[in-house]
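The chain contents come next:
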Amino acid sequence: MNTLIRLTRDDDVPALPAIERSSGEAFRVVPDLAWIADDDVQSIDAHLDFVRAGLSWVAVDADDRPLGFLCAEVADGALHIWQLAVLHDWQGHGIGRSLVDASISEARARSLGAVTLTTFRDLAWNERFYRKVGFTTLAVDEVDARLAAILAKEATYGLPAARRCAMRLTLAGGQAAPALTRT
């Protein structure tokens, strides 16, 4: 398969909600999480904010059509991945891995100390996928205030807290992450 990873352009944004919706189809096989397949997707305005910050990437096919995307932000010396989505029919072809690799490269280029994210525990396309890429699941006492706040906010949206985790990929030579602040 021939895909290219590039920064997301404004004209890509209208396709991204459909990619997120398609990506969510993977949750239909998990009975207690199947509702996620029908949940709200990220707004066009939110996507445009990530694009304008230069922190959104798309994987495109040979005709420059988006197949997947990743959006992130910089916070507390880390690049935080907010969303990774790949069209359901294209999952398992390395597109997600390529998008994560692009975000890691950007974090290194910005001399950041880590890449962070929150995700579901024990799902092949979530926690286990990120572990294969090199991320470590953080123990409760390793979760800093920023990540704890994200996990708490996710719970208010109905994501089951017991099934969620925070993960970190520490980058050599980057800025030191701030000291842990217990919440």
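Heads up: these notes are all about the structure in this document.

The rules behind each value
Residues numbered from 1 in each chain as written. Predicted model: local features only at pLDDT ≥ 70, side-chain atom pairs only at ≥ 80, totals over all residues. Heavy atoms only, no water. Disulfide = S-S within 2.5 Å. Buried < 20%, exposed > 50% of the residue type's maximum accessible area, 1.4 Å probe, protein only. Helix = DSSP H or I, 4+ residues; strand = E, 2+ residues; numbered from the N terminus. Contact = heavy atoms within 4.5 Å. Polar contact = N/O pair within 3.5 Å; in protein donor to acceptor, adjacent residues only side chain to side chain. Salt bridge = Lys/Arg side-chain N within 4 Å of Asp/Glu carboxyl O. Core = buried A, V, L, I, M, F, W, Y, C linked by side-chain atoms within 4.5 Å. 1 Å grid on protein atoms, 1.4 Å probe; cavity = no way out; pocket = protein on both sides within 12 Å on 5 of 7 lines; lining within 4 Å. Points joined across faces, edges and corners; volume = space filled by probe spheres on them. Nonpolar A, V, L, I, M, F, W, Y, C, P; charged D, E, K, R; others polar. Arc of directions from axis to C-beta.

## As for the state of the cysteines
Here the structure, examined in full by the defined rule, presents zero disulfides. Looking at C71, it has no disulfide partner, and the nearest cysteine sulfur is the one in C165, 18 Å off. What makes C165 buried here is its relative accessible area of 1%.

## Section: the environment of D64
Summarising the element assignment, D64 is placed in the loop between β2 (56–60) and β3 (66–75). You can call D64 partly exposed: its relative accessible area is 30%. For the pair D64 and T3, spaced 61 residues apart in the sequence, the C-alpha separation amounts to 8.8 Å. Among residues more than four places away in sequence, those in contact with D64 are R6 and R9. In this structure the side chain of D64 is engaged in a polar contact, spanning 3.1 Å, whose partner is the side chain of R6.

## What to know about the pattern of salt bridges
Under the defined criterion, the tally for this structure stands at 15 salt bridges. Two residues, R65 and D63, come together in a salt bridge whose shortest N-O distance is 3.3 Å. Owing to a relative accessible area of 48%, R65 belongs among the partly exposed residues under this scheme. Of the residues examined, D63 reaches a relative accessible area of 55% and is grouped as exposed. A single salt-bridge network, built from bridges that share partners, covers R6, R9, D11, D12 and D64.

## Some details on the nonpolar core
The biggest cluster of nonpolar side chains holds 26 residues, and the ones touching the most others in it are V100, I104, V115 and F135. Every element with two or more residues in this core is listed here: β2, β3, β4 (78–86), α3 (95–109), β5 (114–120), α4 (127–133) and β7 (164–170). It is α3 that provides the largest number of residues to this core, a total of six residues. In this structure F135 touches I81, V100, I104, V115, T116, L117, Y130, M167, R168 and L169, once residues within four positions along its chain are discounted. L48, V51, V58 and C71 belong to the second-largest nonpolar core, a separate cluster that totals 11 residues.

## Quick word on the side chain of D61
Considering the arrangement of structural elements, one finds D61 in the loop between β2 and β3. Within the local environment of D61, its side chain forms a polar contact with the backbone nitrogen of R65, the two atoms lying 2.9 Å apart.

## As for the layout of surface pockets
To locate leftover empty space, one rolls a probe as large as a water molecule over the atoms. Here the largest pocket is characterised by a volume of approximately 1400 Å³. Of all the secondary-structure elements, those providing two or more residues to the lining of the largest pocket are α1 (16–23), β4, α3, β5, α4 and α5 (145–156). Ranked by residues supplied to the lining of the largest pocket, first place goes to β4 with seven residues. Of the residues assigned to the lining of the largest pocket, the class counts are 23 nonpolar, 13 polar and nine charged.

## Considering helix α2 (residues 44–52)
Taken together, the buried positions of α2 are occupied by H47, L48, F50 and V51. Looking straight down α2, one finds its buried side chains confined to an arc of 160°; they lie on one side. Residues of α2 that are exposed and angled more than 90 degrees away from the buried face: D45, D49 and R52. Of the surrounding elements, those touching the buried residues of α2 are α1, β2, β3 and β4. Within two residues after α2, G54 carries a phi angle of roughly 75°, on the positive side.

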